[in-house]
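Report on the structure
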Amino acid sequence: MKKYIFMAAALLMGVSAFAQQALWGRAAVVSPEINADKTVTFRIAAPKAVKVQVTGDFLPTQKIDTPFGQFDAPGVADLKEGKDGVWEYTTPEPVAPEFYNYSFYVDGQQMVDPSNVYINRDVASLTSILYVDGETTVDLYKINDVPHGTVSKIWYHSDQEGIDRRLTVYTPAGYETSGKKYPVLYLLHGIGGDEEAWYTQGRASQILDNLIAEGKAVPMIVVMTNGNISQHAAPGEGPEGMVSPNLALPKTMDGSFEKAFPEIVKFVDKTFRTKAQKQNRAIAGLSMGGFHSCHISKQYPDMFNYVGLFSAAIAKEQGDANGIYSDFDKKLATQFSKKPALYYIAIGKTDFLYKDNQDLRAKLDANKFPYVYKETEGGHIWRNWRIYLADFTPRLFK
């Protein structure tokens, strides 16, 4: 008996030591450090390294060629080795207020900042998060001292696909007790994303909380869908298990998601207290989600009164097994004949989809279809999409 007690005690001591190591075993390196003048210092301990660099969207961009066209990619800066093998880099200029992503290259191997616990996943890439505060739009992305909405992960059954699928749903502060009905914004992600993208990277719940608290946006329900119709849920959150996230998912832009979308609307109207009419529904999305928003809204012209296309992947379909993308001009004309309250297009000046969006604008202009256009600096990046969401939502349901 004493033997078992001793073994149990040893086990507990081992667990305790492991927990203490997890709590106290972190390196003393401080990174990132936001200095008084808003420059930022990055550090990493790599005593055996030959070359260390930092890359991130806080740096000037560089052009890279991809099969999809030319992209603006994050810049790269060299760190210098200092005492005890700690490498360091300080930005030469103050960093503008914003949420940024960054990572290190240590002898060519990309890695997150080991001194920074805040990490973001985008498809299969992990990056560290840098937040620089300031009196700008970025204040909307913070968790401020305002009433907060509730974010839920809700499952629904897709009859078309024969599987259960997951949604992320934001309900505004007071929803649980108000007894009121609310308008709904359906918010769609880009290729490689999922139902968590707008919540984690887009700061959607913070933006809505703050805009609603300031009286700039109407309290609304926001439904963040998974636009990969073959997926049950985000990677690791469905019965597929912990599969590696990737961009090459089937049926993402072949019309299947658009065809199945009324299932989502029907489920949301049945499950939540919604104002279930066209004038109280909006749909918006980034990149692939903008593509889906464009085609869903024209396919079902009596379903949505507000449409937002953020860096939309116009004319990028990968087949049309369901006849969704045919007769585009005719369906677009039908949609505008029903006078949507808002058709919103936004894109960065250096976005690789810029020309496609200008072609869509030319089509709308030629037919005298009214729309709102917003153009920003930069390219195909979350920094822009957060700006577009913050600009789009105050225009809804007025």
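Residues numbered from 1 in each chain as written. Predicted model: local features only at pLDDT ≥ 70, side-chain atom pairs only at ≥ 80, totals over all residues. Heavy atoms only, no water.

1. Things to note about the environment of Trp155
- With respect to the helices and strands, Trp155 occurs in strand E13 (residues 150-158).
- Taking relative accessible area as the criterion, Trp155 reaches 38% and is therefore assigned partly exposed.
- When the C-alpha positions of Trp155 and Ala233 are compared, they lie 9.0 Å apart, and in sequence the two are 78 residues distant.
- Those residues in contact with Trp155 that lie beyond four places of it in its chain are Asp164, Arg165, Arg166, His232, Ala233, Glu237, Gly238 and Phe267. (Helix = DSSP H or I, 4+ residues; strand = E, 2+ residues; numbered from the N terminus. Buried < 20%, exposed > 50% of the residue type's maximum accessible area, 1.4 Å probe, protein only. Contact = heavy atoms within 4.5 Å.)

2. Digging into the sheet that holds strand E18 (residues 306-310)
- Reading across the sheet, the 8 strands line up as E13-E14-E16-E15-E17-E18-E19-E20 and stay open at both edges, with mixed pairing between neighbours. Both edges of this open sheet fall to E13 and strand E20 (372-376), since each of them pairs with a single strand only. Each strand of the sheet is rotated relative to its neighbour by a mean of 20°, with strand direction disregarded.
- Both strand E14 (residues 163-171) and strand E16 (residues 221-224) contribute to a ladder of 3 bridges, which runs antiparallel. Across the sheet, the residue bridging to Val169 is Val223, located in E16.
- Helix-sheet contacts for helix H6 (residues 288-299) involve strand E15 (184-188), strand E17 (281-286), E18 and strand E19 (342-348), and the interaxial angle to E17 is about 145°. (Pairing = 2+ DSSP bridges. Axes fitted to C-alpha atoms, helices over the stretch in contact; angles between N-to-C directions.)

3. Overview of the pattern of salt bridges
- Inspection of the entire model under this criterion finds 19 salt bridges.
- When the shortest N-O distance is used, the salt bridge between Lys316 and Asp356 registers 3.0 Å. You can see Lys316 sitting in the loop between E18 and helix H7 (328-337) and its partner Asp356 sitting in helix H8 (residues 354-366), a full 40 residues away along the chain.
- Judged by relative accessible area, which is 36%, Lys316 ranks as partly exposed.
- Of the charged contacts, one joins Lys363 and Asp329 as a salt bridge, the two residues approaching to 2.9 Å between their closest N and O atoms. With Lys363 in helix H8 and Asp329 in helix H7, this pair connects stretches of sequence that are 34 residues apart.
- You can call Lys363 partly exposed: its relative accessible area is 29%.
- A relative accessible area of 47% places Asp329 in the partly exposed class.
- Each of Lys153, Arg166, Glu195, Glu196 and Glu237 takes part in one network of salt bridges that share partners. (Salt bridge = Lys/Arg side-chain N within 4 Å of Asp/Glu carboxyl O.)

4. Examining the packing of aromatic side chains
- Throughout the structure, instances matching the rule amount to 23 aromatic pairs.
- Their ring planes at 40° and their centres at 5.8 Å tell us that Tyr156 and Phe267 sit as a pair that is tilted. Residue Tyr156 is found in strand E13, and its partner Phe267 is found in helix H5 (residues 256-271); the two are separated by 111 residues along the sequence.
- With a relative accessible area of 4%, Tyr156 lands in the buried category.
- The structure contains a cluster of three or more aromatic residues connected by ring pairs, namely Trp198, Phe310, Tyr344, Trp382, Trp385, Tyr388 and Phe392.
- Sitting over the face of the ring of Tyr175, Arg273 holds its NZ or CZ atom 4.1 Å from the ring centroid.
- Between the NZ or CZ atom of Arg386 and the centre of the ring of Tyr141, over which it lies, the distance is 5.4 Å. (Phe/Tyr/Trp six-rings, centres within 6.5 Å; stacked < 30°, edge-to-face > 60°. Lys NZ or Arg CZ within 6 Å of the ring centre and 35° of its normal.)

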